[in-house]
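Descriptive analysis of the structure
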Amino acid sequence: MRFDWLWRQSDQIFQLFIWHLWLSVVPVLIGLLLAIPIGRLIQAVPRLKALILNLFGLLYTIPSLALFILLPAVLGTRILDTINVVVALTIYAFALLVRTVCDGLDSVAPDIRQAALALGYKPLQQFVAIDLPIAIPVIAAGIRVAIVSNVSIVSIAALVGTPQLGSLFTQGFQLQFLTPIIAGVVLCILLAFILDNLVVYGTRRLVLWQPARRTS
């Protein structure tokens, strides 16, 4: 390891870290915002639920590099535009989270829904006040998977010129220099660890009324 090189490049590495953080988190948030209402709609058609979820699951099988290259033709953007990476990662996050949202809603006992109906809750009120809070631990587990996966997938975007920690891998490869590669790996692991623990902490704060073992 060349620590003197790391010190000289610290400002650039910090900028790459921030970009990597942004690209890892924003698509998951967008994917979650899309997955919650669509997951609720899927719950309303139980006979088609498995088929729809399997179709959405196919989105996750698309190779990420191929998606980064194909999206500009679909969106009318340039191949180096960051929006291509954001859209691609949002697709992956959505594909993971829509199934998780459905699983979370399935965890709500029918008796609870019947009780909410008897108390006069309208469908939307019940969804927001009853179903979603109960589903939070299950949904949070999916968010943890999605966000850690994104930290890894973001690195591949360096091959299409998007600045983030993956740029250290390509730089190290081009220069036959291990220091930036090792730094990139360590920082990716650190970022995944931080984000995962933030999700765990946030989940525990949201479900203080539930046993702690369900959010660990």
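The structure reproduced in this document is the subject of the present report. Every chain is numbered on its own, with residues counted from 1 as its sequence reads. Since the coordinates come from a predicted model, pLDDT governs what is reported: local features require at least 70, and pairs of side-chain atoms require 80 or more to be given and counted, while whole-chain, interface and lining totals use all residues. Hydrogens and water are ignored here; the side-chain numbers use all heavy atoms of the structure.

Here we take up the overall build of the protein. Under the scheme used here, helices are H or I runs from DSSP no shorter than 4 residues and strands are E runs no shorter than 2 residues, and both carry numbers assigned from the N terminus. Helices and strands together make up the secondary structure of the protein, namely 9 helices and 0 strands. In the protein, the succession of α and β elements from N to C terminus is α-α-α-α-α-α-α-α-α. For the protein, the spread of C-alpha atoms along the three principal axes comes to 70 × 40 × 20 Å. Residue burial is assigned from relative accessible area. The probe radius is 1.4 Å, only protein chains are included, and a residue is buried under 20% of its type maximum, exposed over 50%, and partly exposed in between. Expressed as a percentage of the 216 residues in the protein, the buried residues total 41%. Contact criterion: two residues are considered in contact whenever any of their non-hydrogen atoms come within 4.5 Å of each other. Of the contacts made within the protein by residues no fewer than 6 positions apart, 72% connect residues no fewer than 24 positions apart. A 1.4 Å probe and the Shrake-Rupley method give the accessible areas. Residues count as covered only by the protein chains that appear here. By element, 70% of the accessible surface of the protein is carried by carbon and sulfur atoms, the whole surface being about 12,000 Å². Computed over 14 positive and 8 negative side-chain charges, the inter-centroid distance for the protein is 5 Å. Charge convention: Lys and Arg are scored as positive, Asp and Glu as negative, and His as well as the terminal groups of each chain are ignored. For the purpose of locating charges, the reference atoms are NZ of Lys, CZ of Arg, CG of Asp and CD of Glu.

Take the nonpolar core next. Put simply, a nonpolar core is a bunch of buried Ala, Val, Leu, Ile, Met, Phe, Trp, Tyr and Cys residues held in one set by side-chain atoms that sit within 4.5 Å of each other. If you look at the biggest cluster of nonpolar residues, it comprises 36 residues, and the most contacted ones within it are Val28, Leu97, Ile139, Ile143 and Leu165. Mapped by element, the contributors of at least two residues to this core are helix H1 (3-8), helix H2 (10-43), helix H5 (82-106), helix H7 (123-154) and helix H9 (178-206). Considering each element in turn, this core owes the most residues, 9 residues, to H7. Beyond its immediate chain neighbours, meaning those up to four positions away, Ile139 contacts Leu32, Thr100, Val101 and Leu132.

Before going further, it helps to spend a moment on the environment of Trp7. For Trp7, the location among the structural elements is in helix H1. Trp7 sits in the exposed class, given a relative accessible area of 69%. Measuring from C-alpha to C-alpha, the distance between Trp7 and Ile189 comes to 20 Å, with 182 residues separating the pair along the chain.

Moving on: the environment of Tyr92. Among the structural elements, Tyr92 can be located in helix H5. For the pair Tyr92 and Leu58, spaced 34 residues apart in sequence, the C-alpha to C-alpha distance is 9.7 Å. Non-local contacts of Tyr92, meaning those with residues more than four positions away in its chain, are made with Leu59, Tyr60, Ile62, Pro63, Ser64, Leu67 and Ile153. Counted as a polar contact is a pair of N or O atoms within 3.5 Å, where, for protein atoms, one must be capable of donating a hydrogen and the other of accepting one, and residues adjacent in sequence contribute only when both atoms are in side chains. One polar contact links the side chain of Tyr92 to the main-chain carbonyl oxygen of Pro63, over a distance of 3.5 Å.

Think of it this way: a Phe, Tyr or Trp ring, Trp meaning its six-membered ring, pairs with another when their centres are within 6.5 Å, and the plane angle makes it stacked under 30 degrees, edge-to-face over 60, tilted otherwise. In total, this model carries 3 aromatic pairs according to the counting rule given. Here Trp19 and Trp22 contribute two aromatic rings whose centre-to-centre distance is 5.9 Å and whose plane-to-plane angle is 80°, an arrangement assigned as edge-to-face. Of the two residues, Trp19 and Trp22 are both situated in helix H2; the distance of 3 residues between them amounts to about one turn of the helix. Its relative accessible area of 39% is what places Trp22 among the partly exposed residues. Ring geometry for Tyr60 and Tyr92: centres 5.3 Å apart, planes at 75°, overall edge-to-face. Of this pair, Tyr60 sits in the loop between helix H3 (46-58) and helix H4 (64-75) while Tyr92 is found in helix H5, placing the two residues 32 residues apart along the sequence. The class of Tyr60 is partly exposed, set by a relative accessible area of 31%. Only when the NZ of Lys or the CZ of Arg is both within 6 Å of the ring centre and within 35 degrees of the ring normal is a charge said to sit over the ring. Above the ring of Phe127, the side-chain terminus of Arg40 is found at 4.9 Å from the ring centroid.

What follows is about a nonpolar patch on the surface. A cluster of nonpolar side chains, contributed by Leu65, Ile69, Ile79, Leu80, Ile156 and Leu159, occupies part of the molecular surface with about 520 Å² of accessible area. Residue Ile79 is classed as partly exposed on the basis of its relative accessible area, which comes to 41%. Exposure above 30% relative accessible area and the absence of a salt bridge qualify a residue for a patch, where like charges join within 9 Å and nonpolar side chains (Val, Leu, Ile, Met, Phe, Trp, Tyr) within 5 Å. In what follows, salt bridge is the name for a side-chain nitrogen of Lys or Arg lying within 4 Å of a carboxyl oxygen of Asp or Glu.

Turning our eyes to something else, we now look at the packing of H2 against H7. Put simply, H2 and H7 touch, their axes get as near as 9 Å, and they point 145° apart. Taken as a pair, H2 and H7 cross one another with a handedness that is right-handed. Residue-level inspection shows His20, Leu23, Ser24, Val25, Pro27, Val28, Leu32, Ile36 and Arg40 of H2 in contact with H7, the latter providing Pro123, Leu124, Phe127, Leu132, Ile139, Ile143, Ala146, Ile147, Asn150, Val151 and Val154. As a working rule, the residues Ala, Val, Leu, Ile, Met, Phe, Trp, Tyr, Cys and Pro are called nonpolar, Asp, Glu, Lys and Arg charged, and the rest polar, with Gly in that last group. For the contact of H2 with H7, the class distribution of residues is 16 nonpolar, 3 polar and 1 charged. Axis lines are fitted through C-alpha atoms, for helices just across the contact stretch, and the angle between N-to-C directions can take any value from 0 to 180 degrees. Crossing handedness: left-handed means the near helix sits turned counterclockwise from the far one by under a right angle, and right-handed means the same turn made clockwise.

With that settled, the discussion passes to the side chain of Thr100. By secondary structure assignment, the location of Thr100 is in helix H5. Setting aside chain neighbours within four positions, we find Thr100 in contact with Val138, Ile139 and Gly142.

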